[in-house]
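# Structural features, examined
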Amino acid sequence: QDNPALTSFNGLESITWLGGNADGNALVISSNAALASLEGLSGLQGELPGALVIQDNPALTSFNGLESITWLGGNADGNALVISGNAALVSLEGLSGLQGELPGALVIQDNPALTSLHGLESIRGLGDNADGNALVISGNAALVSLEG
């Protein structure tokens, strides 16, 4: 979080699992101005006990590297997956490993280059967040289809 010169997570490929923090997040990737790749997180696999929050990373174009994550828990706000404010993000394909029912909400907002939800096809159910929403999709100017 808040690493303006960080461009990748290369060197972390051997990490296969993460626990959750006090807020219920397993992984927060936030406010990294130069971050262009998540490939260094390709060792992560299976179920993560907390939420995945990826927000405010203006150079990030995809979530490639996260394909082996199959399930996410929820955080204190009731969200399982938050994708917000990633200006160059065009693809969610890197989340294609997620499957089944997630215990929290899915929030996809303010990603102006995102064109589709492909990569989320295997998610079958969502829980509600603290606001009573299970699914929030807003402010994604290029999103032309909810298929995915």
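Provided above is the structure to which this section pertains.
To start, this report covers the structure provided alongside it. Quantities reported herein were computed from a predicted structural model and do not represent experimental measurements.

Moving on: the environment of Leu 120. Relative to the helices and strands, Leu 120 resides in the loop between strand S7 (105-109) and strand S8 (123-126). Along the primary structure Leu 120 and Ala 5 are separated by 115 residues, whereas in three dimensions their C-alpha atoms are 30 Å apart. Excluding residues that lie within four positions of it along the chain, Leu 120 makes contacts with Leu 81, Leu 92, Leu 95, Leu 106, Ile 108 and Gly 148.

Strands sit in the order S1-S3-S5-S7-S9 across an open sheet of five strands; the sheet is parallel. Strand pairing shows two members of the sheet lacking a second neighbour, strand S1 (25-30) and strand S9 (135-138), which therefore form its edges. Here the strands of the sheet are splayed against their neighbours by 5° on average, with no regard to which way each runs. Sheet analysis places S1 next to strand S3 (residues 51-55), joined by five bridges and oriented parallel. In the sheet register, Ser 30 faces S3, and the bridge partner there is Gln 55.

Looking now at the environment of Gly 132. Structurally, the position occupied by Gly 132 is in the loop between S8 and S9. Residue class for Gly 132 comes out partly exposed when judged on its relative accessible area of 49%. Along the primary structure Gly 132 and Gly 78 are separated by 54 residues, whereas in three dimensions their C-alpha atoms are 8.9 Å apart.

Tracing the backbone through its elements, the reader meets Asn 25 in strand S1. Judged by relative accessible area, Asn 25 falls into the buried class, the value being 11%. A polar contact is formed between the side chain of Asn 25 and the side chain of Asn 75, at a distance of 3.0 Å. Apart from the residues lying within four places of it in its own chain, the contact partners of Asn 25 are Gly 19, Gly 20, Gly 50, Ala 51, Val 53 and Asn 75.

This part is about the nonpolar core. Core analysis: the biggest nonpolar cluster contains 31 residues, and Leu 38 and Phe 63 have the highest contact counts within it. Elements with a minimum of two residues in this core: S1, S3, strand S4 (69-72), strand S5 (79-84) and S7. Once you skip the residues sitting within four places of it in the chain, Phe 63 turns out to touch Leu 38, Ile 54, Ile 83, Leu 89, Ser 91, Leu 92, Gly 94 and Leu 95.

The backbone phi angle of Asp 2 is positive, close to 60°, even though this residue is not glycine. Here Asp 2 shows up in the segment before S1. One non-glycine residue with positive phi stands out, namely Ser 31, at about 60°. Note that Ser 31 resides in the loop between S1 and strand S2 (46-48). For Ser 31, a relative accessible area of 27% translates into the label partly exposed.

The rules behind the values
Residues numbered from 1 in each chain as written. Predicted model: local features only at pLDDT ≥ 70, side-chain atom pairs only at ≥ 80, totals over all residues. Heavy atoms only, no water. Helix = DSSP H or I, 4+ residues; strand = E, 2+ residues; numbered from the N terminus. Contact = heavy atoms within 4.5 Å. Pairing = 2+ DSSP bridges. Axes fitted to C-alpha atoms, helices over the stretch in contact; angles between N-to-C directions. Buried < 20%, exposed > 50% of the residue type's maximum accessible area, 1.4 Å probe, protein only. Polar contact = N/O pair within 3.5 Å; in protein donor to acceptor, adjacent residues only side chain to side chain. Core = buried A, V, L, I, M, F, W, Y, C linked by side-chain atoms within 4.5 Å.

On their own, these measurements won't tell you what the molecule is for.
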